[in-house]
Amino acid sequence: MAKTPWIIILSVILLSSQVNCQEAILHISNGATDKEYCLVYNSLWTNLSLSLSAATAYPLVNLSSSLLCSSAGVSPATVRGKAVVVMRGKCTFNQKALVAQDLGAAALIVASTTSMSPPAANVTEDDKVQIPLALMRYRDFLDAQNVFGEEMQVRLYAPAVPVFDASIVVMLLIGVVTVALGGYWSGACERERLSASRGGGGGGGEEKSDSGDLALHSPLKVVIFVALMCLMLVLMYFFYKYLVYVIIAIFCLASATALFSCLDALLDLAKCSPMSVTVLGRSVSVRSVLLSAVCVTVAVVWGVYRNEDRWIWILQDLLGVAFCLNFLKTISLSNFKICVILLSLLLLYDVFFVFITPLFMPNGESIMVQVAMGPDAAGEKGNTVEVPAEPSTTYEKLPVVMRVPRFSSWAQNLCGMQFSILGYGDIIVPGLLVSYCSRFDVWVNSPKKIYLFCCCIAYLCGMVVTFAVMLVTKMGQPALLYLVPVTLLVSALLAWRRGEMRQFWNGTTYEVLDSTREPLLPGNPYCQMEHLTMTAEEESADYS
């Protein structure tokens, strides 16, 4: 039962998402004042200018009292050569566009009170529509009326989004630094545990097992673990609107705990006093109480304002980094064999749910993308019949990614903050191998932490390849497809080159049963002593 929350968390953090953005800018002016608003359009249907200077200016005609499903009641002289604003509803986008085009309108803007999904049309009628067509928020149109009145000149343009954005570099640094710190922390905790055991703590290493509070050491348990993750993902697909709040609650609790663990470790490193006081005969750490209050407050603030994209991403990234660090410190893989099995299965899990499930899902969407983006991910894609306007439903998003705002997406940020994202799974899954390499450095007493260093470099190279492929193909990539092979291969080659492949493969399950065999930790015979002590106790129990 203790593993259940971790199964839920790990199955969720492997989700990834991507959005095909089709945003543009509506520039409105009356000669004295200028203001810009968000537009959404179908780039396969409508071609817009790439810059404001190249865009054509049109007078704007307000027909928001009309749905424009027919030309009844509209004079061609009123709209000829002008941009027209109508309300969304009752008929398709292309029907509205064809009516406006027949009336002589130069552009059509549909004001929407529902979700801003790109206009979709019947492919057989796409070629008939020759005028620009776009959606804007109805509340934006009301704001424009308050600012400009009825005298408005509009221009529609869609500035090109740069292929490379500096936020990718920030995301790369977050991933690499988190993996490196998590691996180092795991190794440091392992060193403390072994020091306590050598110091005659009498089991003290078991009482305070900071390194690996939950260890995976059986291949069968790993397979069951991944199978339960698959089950959890499928349940999320069918019961998203209920389980999403369970995931959010678990994330708040887990991230607050993780933040406390990270800050407490930093204060210990800084030799900060725990400031203990006695309350009702018990010692209470004032530092721990204050730290707990801060961490809970941060998690609660994130939970309350989680949909405020303009600034809440800072708290989400802070909690996410703490969560990943604590996960890498808490979960340990006992040997390289388990690392190979787990990472390979998770790679197959990622590829299957991203690339294979669309082949047999009714809507052609992958289960993983659908869950990661929420039930409204598809919007009205492929839908040619509109419904009357009604309040839109906003679905919760899963807190499973690091987010950094894109610095150069001006048009997209008008419609809503655009982010470069990195899934927690792309940090944690390779990070488990990095943590194992760090602990192995401790076991073989590697002075330069060669395994940790090389595995971190391999992770960096894998991330660079991932981002390079993403930029070339202009599509989101499953990072594990590149990270898992690179990190496993580099770690295995290093162990083979150093002649430590057997120890590296067996890890903590490598038992010294023959006194003539080299111990796993040269010069530290306590492992043999522990085995001999256990054997003596067992023999004593048998004789008694």
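Structure shown above.
Predicted model, so just to flag it, every value in this text is computed and none were measured. (Residues numbered from 1 in each chain as written. Predicted model: local features only at pLDDT ≥ 70, side-chain atom pairs only at ≥ 80, totals over all residues. Heavy atoms only, no water.)

**Q** Just give me the short version of the state of the cysteines, but keep the residues and values in it.
**A** Tallying each qualifying case throughout the model produces one disulfide. With a sulfur-sulfur separation of 2.1 Å, Cys69 is cross-linked through a disulfide to Cys91. Taking the sign of the torsion about the S-S bond as the criterion, the disulfide between Cys69 and Cys91, at about -90 degrees, is left-handed. Placement of Cys69 in the loop between β3 (58–63) and α2 (76–79) and of Cys91 in the loop between β4 (83–87) and α3 (93–102) is noted, with a sequence separation of 22 residues between them. Accessibility expressed as a relative area gives 34% for Cys69, which makes it partly exposed. With no disulfide of its own, Cys437 lies closest to Cys455 among cysteine sulfurs, the gap being 4.0 Å. (Disulfide = S-S within 2.5 Å. Helix = DSSP H or I, 4+ residues; strand = E, 2+ residues; numbered from the N terminus. Buried < 20%, exposed > 50% of the residue type's maximum accessible area, 1.4 Å probe, protein only.)

**Q** A description of the packing of helix α11 (residues 336–356) against helix α14 (residues 425–443) should follow, citing residues and the corresponding values.
**A** It is the contact of α11 with α14, at a shortest axis distance of 10 Å, that shows an interaxial angle of 170 degrees. By the angle between their directions, the pair α11 and α14 is classed as roughly antiparallel. Contacts between α11 and α14 involve Phe336, Cys339, Leu342, Leu343 and Leu346 from the former and Val429, Leu432, Leu433 and Tyr436 from the latter. (Axes fitted to C-alpha atoms, helices over the stretch in contact; angles between N-to-C directions. Parallel < 35°, antiparallel > 145°, perpendicular 65-115°, else oblique. Contact = heavy atoms within 4.5 Å.)

**Q** I'd like to hear about the side chain of Ser29, residue by residue, with values.
**A** On the secondary structure map, Ser29 appears in strand β1 (residues 23–29). A polar contact is formed between the side chain of Ser29 and the side chain of Asp34, at a distance of 3.0 Å. (Polar contact = N/O pair within 3.5 Å; in protein donor to acceptor, adjacent residues only side chain to side chain.)

**Q** So, helix α16 (residues 480–497): which residues are in play, and what are the values?
**A** Its 18 residues place the ends of α16 25 Å apart at the C-alpha level, agreeing with the 26 Å of an ideal helix rising 1.5 Å per residue. By the burial criterion, the buried members of α16 are Leu480, Tyr482, Leu483, Val484, Thr487, Leu488, Ser491, Leu494 and Ala495. Next to the buried residues of α16 lie α11, α14, α15 (450–473) and α17 (501–506). Directly after α16, the chain includes Gly499, whose backbone phi takes a positive value near 70 degrees. (Expected span 1.5 Å × (residues − 1).)

**Q** I'd like to hear about unusual backbone geometry, residue by residue, with values.
**A** Non-glycine residue Leu68 carries a positive phi angle of around 55 degrees. Within the secondary structure, Leu68 sits in the loop between β3 and α2. With a relative accessible area of 2%, Leu68 lands in the buried category. Despite not being glycine, Lys271 shows a phi value in the positive range, around 60 degrees.

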